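One letter stands for each residue in the lines below.
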Amino acid sequence: EAGVAQSPRYKIIEKRQSVAFWCNPISGHATLYWYQQILGQGPKLLIQFQNNGVVDDSQLPKDRFSAERLKGVDSTLKIQPAKLEDSAVYLCASSLDRSASGGAGELFFGEGSRLTVL
Amino acid sequence: AQSVSQHNHHVILSEAASLELGCNYSYGGTVNLFWYVQYPGQHLQLLLKYFSGDPLVKGIKGFEAEFIKSKFSFNLRKPSVQWSDTAEYFCAALPNTGFQKLVFGTGTRLLVSP
């Protein structure tokens, strides 16, 4: 079974530039998550989709971050303009869980996209 | 607010030593608990999980964890570690009522020397 695919694996940009990350979840997984993992910290949820609807984006800095999930499958996360503190690994995960509450399903993670903002 | 604490940020052990990584969560209701592992250069993967029932759960590669409700803890254990267990370990909690987020601890970096 193919896992969660993410690209690019690495990205280096200067502050105030923009960047986009792409995620393809495991086929059939209704729920998709974007996490931000800053060095030395645990992953922090940015946004959660159930199919193509947003379930939770309370920790997404909406002045600069945006995300969409096209047709309930692939998703993109965009940062514009980037700040130094956005340097982190952006993790995409998906799960089979279909309940609006988020359920208790296992999350399957991609390898992450490492962003360095100079 | 819900939170997860991992007390040890870095642990160094020799092969065959026993391992116990601490995890405490703060939430008054029923929670589902997880341990994820991230091997060097690899993605996060599930090690084990607790939903209900027997508080001692067994995972892959000889790991186990014990849920102690009275202590709000879910410590990870392994009787004898191997060099290949070198990785970062994350505890995570998901409240079982209403809509809640899966919250991760800050992680424990384990180095096993051969």
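Residues numbered from 1 in each chain as written. Chains lettered and ligands numbered in written order. Predicted model: local features only at pLDDT ≥ 70, side-chain atom pairs only at ≥ 80, totals over all residues. Heavy atoms only, no water.

Visitor: Whenever I open this one, the pairing of strand E4 (residues 31–37) of chain A confuses me. Can you help?
Guide: Every regular strand shows the same layout, with side chains that alternate between the two sheet faces. Residue and element names in this part refer to chain A. By the criterion of burial, E4 is predominantly enclosed, with seven of the seven residues buried. Burial of E4 is two-sided: the residues Thr 31, Tyr 33, Tyr 35 and Gln 37 facing one way and the residues Leu 32, Trp 34 and Gln 36 facing the other way are all buried. Relative to strand E5 (residues 44–50), E4 is paired through six bridges, and the arrangement is antiparallel. What sits directly across from Tyr 35, in E5, is Leu 45. From the end of E4 to the start of E5, which pair antiparallel, there are six residues, and Gly 40 there has a positive phi angle of about 85 degrees. (Buried < 20%, exposed > 50% of the residue type's maximum accessible area, 1.4 Å probe, protein only. Helix = DSSP H or I, 4+ residues; strand = E, 2+ residues; numbered from the N terminus. Pairing = 2+ DSSP bridges.)

Visitor: Just to check I follow, could you spell out the state of the cysteines for this structure?
Guide: Put plainly, a disulfide is one covalent bond tying together the sulfur atoms of two cysteines. Applying the stated criterion to the full structure yields two disulfides over all chains. Note that Cys 23 of chain A is cross-linked by a disulfide to Cys 92 of chain A, the S-S spacing being 1.9 Å. The S-S bond linking Cys 23 of chain A to Cys 92 of chain A shows a torsion near -70 degrees; that makes this disulfide left-handed. Residue Cys 23 of chain A is found in strand E3 (residues 19–24), and its partner Cys 92 of chain A is found in strand E9 (residues 88–95); the two are separated by 69 residues along the sequence. The same class applies to Cys 23 of chain A and to Cys 92 of chain A, which are both buried. Disulfide partner of Cys 23 of chain B: Cys 91 of chain B, at an S-S distance of 1.9 Å. The disulfide joining Cys 23 of chain B to Cys 91 of chain B has a torsion of about -65 degrees about its S-S bond and is therefore left-handed. Highlighted residues: Cys 23 of chain B in the loop between strand E3 (19–21) and strand E4 (24–26) and Cys 91 of chain B in strand E10 (residues 87–95), separated in sequence by 68 residues. Exposure remark for Cys 23 of chain B: the relative accessible area of 0% places this residue in the buried category. Residue Cys 91 of chain B is classed as buried on the basis of its relative accessible area, which comes to 0%. (Disulfide = S-S within 2.5 Å.)

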